[in-house]
Every structure is written in structure tokens, then in C-alpha cells.
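What follows is the residue order along each chain.
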Amino acid sequence: MRATFATEAVPGRPNEDFVGATPDAIVLLDGAGTPPGSESGCVHGVAWYARSLGSTLLAGLAQDGKPLTEILAEGIKAVASLHDFVCDLTHPGSPSATVVMLRRTADTLDFLVLADSVLILDVIGTAEPMVICDDREAQVGAAHRTAMDALAAGSPGHVSAHRAYVETLRDHRNRDGGFWVAAVDPLAAEQALTGTVPADRVRAAALLSDGASRLVDRFALATWRQALDLLNDSGPEELIRRVREAEHADPVGERWPRGKIFDDATVACFSVLP
Ligand SMILES: [Zn+2]
């Protein structure tokens, strides 16, 4: 298989996305940010969390053929043990991350999606790609974002409305009826969307953090099919370039209201060599 990826942080900020690959697996995480002025109980921060969990998951994928949910549960536990003696992991704002894992075996492609990063599978013989996205956070969030979306991004009112929105969502994090992310509780792994497809049915796959998938699912500037074609023809950096272009064209979130005007954007592509 061939794997390529590109990742770009919000200008001037540490990248809270993580992406990595082995010859048979790809992992993509999007760390959930702590807005300015908000507490997290962790001295390490969100970027550290995403990198620590991402590299632990890659190591787990490289070493054995356990189910992906088991590798994720063990990874969450292992990273918690790296800082539970210095940080307050009971804090509702402790760092968290979305997770997408893709693993190729001799015959199958196994996948896992937890929270709002997106996996697209280009399945041979179907016109529309298969899109796997866990939208529970968006559903919970829809009821709480009206005040934030009504304000111009970057204004003091928007900054505090965004902080209030993030803090409200924490009450629904890793709870039944809410949404699930990788954080401290290994049971979150059981809430991930998982599946297996025959490896010879998949032409290509793409993993996107929501900072990249917004080209399709928030800006509606491309369909999933067009995004896959763009990745195939021009590579992941071109998709991110188009996202940045759209963000710059709407600097206060008038056309596309959003919590973050710019977001870390990451795309990983996998294709079967001819
Ligand atoms: Zn910590």
C-alpha cells in the first residue's frame, strides 16, 4: 500500500492533530483544544496528549492483531498512566482526542472511528464513497451553539461564547446520551464505530480531521467523491490549501459560522498500489 499525508497547524499555534503510519496501518487523531481562559487539570496540554496517544496506538498496531477497540482501550489506559500522578485526570477539561485507525491485513481492511474525524473508503464498484463519521458531538452541540454562531468570530463576545460552548459540551463528554472521545476512560473505545471490509474491494481511503473535512461537511465546496478525486490527483496538501483559502475568504465566520476560524487540518491517504 501507499500512504501519504499532510498536516498544517493553525498559524502560530502548536499542532494538536497527530498523524502517523506503518507499512500496514494509519492513525489520525485530533486533540480537543482547551480554549483560552479555560482550565484542563493537565500540565502537558492537548498536543502532548494527541502525540502520546497516537504514537502508543501506532506501536500497538505494529505489534499484534488484536481488535482495534482493544488497542485503543489499552492506549487510553497507558497514556493516563503517563500523567495521572502529576495531573488531575478527574478534571472535566482533561485533554481528549478523536481517533481514526485503519489497518490492513492479508485479506481485510479494519477501521475504527471515534468522534468527529472522518474516514472515507473508495469501494470498488460503487459510485459514492463510504463515509464513516461519528456525529454524536455535532448532534449534542447543535442545541448549544446558537449564541456563538450569531457573533462575529474574533470579537470578544465570540471568544467567550466559544469558551462557554466548549465548557457546556464537557458535561456531555463520555456519558450515555452524549458523545465519546479518547480521554481518560478506556470504556470510550467500546463506543467507537468499527468495521471490516475485504481489502481487495477498497481502491483508496482517506482520513481527515474536522479541520480538513470542513471543505465538504461545513463549507460544501466539494462532495466526498470530489475530495477523493482531488486527493488522488493533487495530494493532501492541495485539499488543505483549499480549506485555508475558504477560511481566509470568510474571516469572521459570516458565510460559515464556526467555533474556530482556522483549525488544525490533517489528511492521510491510503491507496492500493497497482
Ligand atoms: Zn497531563
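So, a few notes on the structure that sits alongside this text. No experiment lies behind these values; they were computed from the predicted model shown. (Residues numbered from 1 in each chain as written. Predicted model: local features only at pLDDT ≥ 70, side-chain atom pairs only at ≥ 80, totals over all residues. Heavy atoms only, no water.)

1. Overview of the environment of I240
For I240, the location among the structural elements is in helix α8 (residues 236–249). The exposure class assigned to I240 is buried, which follows from its relative accessible area of 2%. Between the C-alpha atom of I240 and that of A212, which follows or precedes it by 28 residues, the distance is 6.2 Å. Apart from the residues within four sequence positions on either side, I240 is in contact with A6, T7, E8, A265, T266 and V267. (Helix = DSSP H or I, 4+ residues; strand = E, 2+ residues; numbered from the N terminus. Buried < 20%, exposed > 50% of the residue type's maximum accessible area, 1.4 Å probe, protein only. Contact = heavy atoms within 4.5 Å.)

2. Considering the side chain of S94
Within the secondary structure, S94 is located in the loop between α2 (68–83) and β4 (96–104). For S94, a relative accessible area of 3% corresponds to the buried category. Residues within four places of S94 in sequence aside, it is in contact with S40, D88, L89, R173 and V184.

3. A short note on the coordination of the zinc ion
At the metal site, the zinc ion is ligated by C42 (SG), H44 (ND1), H83 (ND1) and C87 (SG), and these contacts range over 2.1 to 2.4 Å. If you look at the zinc ion, its 4 donor atoms make angles of 94 to 117° with each other, and the shape they trace is tetrahedral. Take C42: its relative accessible area is 12%, and that puts it in the buried class. (Donors = N, O, S within 2.8 Å, 3.2 Å for Na, K, Ca; no water. Tetrahedral: all angles 85-135°; square planar, octahedral: opposite > 155°, others 65-115°.)

4. Some details on the pairing of strand β9 (residues 202–208)
Most of β9 is tucked away, with 6 of its 7 residues classed as buried. Sheet analysis places strand β6 (residues 118–123) next to β9, joined by 6 bridges and oriented antiparallel. In the sheet register, L121 faces β9, and the bridge partner there is A205. (Pairing = 2+ DSSP bridges.)

5. Looking at unusual backbone geometry
Notably, A115 is not glycine yet its phi reads approximately 70°, a positive angle. Assignment of secondary structure puts A115 in the loop between β5 (108–114) and β6. Classification of A115 by relative accessible area gives buried; the value is 3%.

6. A closer look at the sheet that holds strand β2 (residues 17–22)
Within the open sheet, the 5 strands sit side by side as β2-β3-β4-β5-β8. Their pairing is antiparallel. Of all strands in the sheet, those with a lone pairing partner are β2 and β8 (193–198), marking the two edges. The mean inter-strand angle of the sheet, taken between neighbouring strand axes irrespective of direction, is 10°. Here strand β3 (residues 25–32) runs beside β4; their pairing, made up of 8 bridges, is antiparallel. The residue of β4 that forms the bridge with L29 is V99. Those strands touched by helix α1 (residues 46–63) are β2, β3 and β4, and its axis lies near 160° from that of β3. (Axes fitted to C-alpha atoms, helices over the stretch in contact; angles between N-to-C directions.)

Scope: geometric values only; no functional claims are made or implied.
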